[in-house]
Amino acid sequence: MFKKIVYIILFCLLPTPLIASEIIPRLDFQDASVIDVISALARKEKLNLIISGDQAAVLSKKTTLSLKSISPREAIKYVLEASGLDYGMSDEILFVSSVTEGLEKAQALELKYLPAQKAIDIISKVMPSLKVSIGERSHSIVLVGKWKNLKEAEELLASLDRPAPQILIESKVIEISLSDALRIGLKIGDPAGTFSFITSRTTRKTSLTSDIPSTLNTLISNGSASIVANPRIATLDNHEAMINIGSRIPYAVPVSVSSGATQWSINYIDAGIKLKIIPHLGEDEMITTTIKPEVSSISEWRSTAAGDFPVISTRNASATLRVKNGESIVIGGLISEAERENVSRIPILGHIPVVGLLFTNRTKRKEKTEIVFLITPHII
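Here the structure is a predicted model, which means the values were calculated and not measured.

A. Representation of the packing of aromatic side chains in the model. This model, assessed by the stated rule, comprises 1 aromatic pair. Ring centres of Tyr 251 and Phe 309 lie 5.7 Å apart, and the angle between their planes is 65°; on these two criteria the pair is classed as edge-to-face. Separated by 58 residues along the polypeptide, Tyr 251 in strand β15 (residues 241-258) and Phe 309 in strand β18 (residues 307-316) bring together distant segments of the chain.

Encoded structure:
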């Protein structure tokens, strides 16, 4: 008799048939059988109901609830969780178990873009009740746990398993002589926290400029600056891109002495220009970049009892800033010093073997230059 009363109440509240996920204006039950409530809700949601375990334990469950403006699926979830019953719900099936600790099942998931280890780390932190391990394939994982938790984990991973954006880093490494009248400063991004400037060496006055890239192009066109390199490199969002332009300097190191003869090993040290960039794509195509440029060169060769060794002079900087897609970043102030040799000869006479040395003039001088990085990230 009570079962009929429950159904009558439900049908009175819902005078027209429900479609999937239709909102129920009001649900009121007083000390009603849980199985009767979820059976009625499952029918309205067009779900097949499967009950396992101790049937008597399920039938003995009672519930009292008063809900407003709720979908049948949400109502089923609240009723079963409040009753301490384990359940799983798919598009067509509602599975209910009376086992207190809940039934566990294993489920394998194939991932397209998300690394398996990354997925394991996420699930372990967000849903520690699930057991997760790497599957037989490199991009597959195996989940073990309650049905409802497996469904939640599957939905979470589906939202994360998407291709990571790629960002193209277009860069120019420009060398400017410090004897030139202009020196380039640093541009920090737009719109907030922007500053860019040019300082005249003749007047010692600093003035603001809004277009440093154009200024650099002007210096290049009139011969006051030169492009050392123009590399392009693509990387995934939140992954490091590294550009290395330079030389590997060899030097000998004694390693052992055998029969009075010293054996030597050749080691190498890098010198030149390095640029490390980690881009992060944000909203509205804003790109936050962590940039670490470095300029190194041999300042001298130092003689020791073990041989001659190079002394490397290094200058570096580090900055994190946000720019728009396609906007340029300029970092300057990295001074490089190189020794240059100028050779001048008297025509014809200066090219005669041995005698030509008398008509040749060689001068060595150290020249300082400023290395400027012009970096433009593009979303691809």
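Having seen it, we continue.
B. Main features of the sheet that holds strand β6 (residues 104-110). Strand order in the open sheet formed by 3 strands is β6-β8-β7, with antiparallel pairing between adjacent strands. Of all strands in the sheet, those bounded by a partner on one side alone are β6 and β7 (131-134). Each adjacent strand pair in this sheet contributes to an overall mean axis angle of 20°, direction not counted. Bridging between β6 and strand β8 (residues 140-146) involves 7 bridges; their strand directions are antiparallel. Across the sheet, the residue bridging to Leu 109 is Ile 141, located in β8. Contacting β7 and β8, helix α5 (residues 116-126) crosses the sheet at an angle of about 170° to β7.

C. Examining the environment of Ile 120 more closely. Relative to the helices and strands, Ile 120 resides in helix α5. Separated by 11 residues in the primary sequence, Ile 120 and Lys 131 have C-alpha atoms spaced 9.2 Å apart. The contact partners of Ile 120, leaving out residues within four places of it in the chain, are Val 132, Ser 133, Ile 134 and Ile 141.

What counts and what doesn't
- Residues numbered from 1 in each chain as written.
- Predicted model: local features only at pLDDT ≥ 70, side-chain atom pairs only at ≥ 80, totals over all residues.
- Heavy atoms only, no water.
- Phe/Tyr/Trp six-rings, centres within 6.5 Å; stacked < 30°, edge-to-face > 60°.
- Helix = DSSP H or I, 4+ residues; strand = E, 2+ residues; numbered from the N terminus.
- Pairing = 2+ DSSP bridges.
- Axes fitted to C-alpha atoms, helices over the stretch in contact; angles between N-to-C directions.
- Contact = heavy atoms within 4.5 Å.

Keep in mind these values describe shape, not function.
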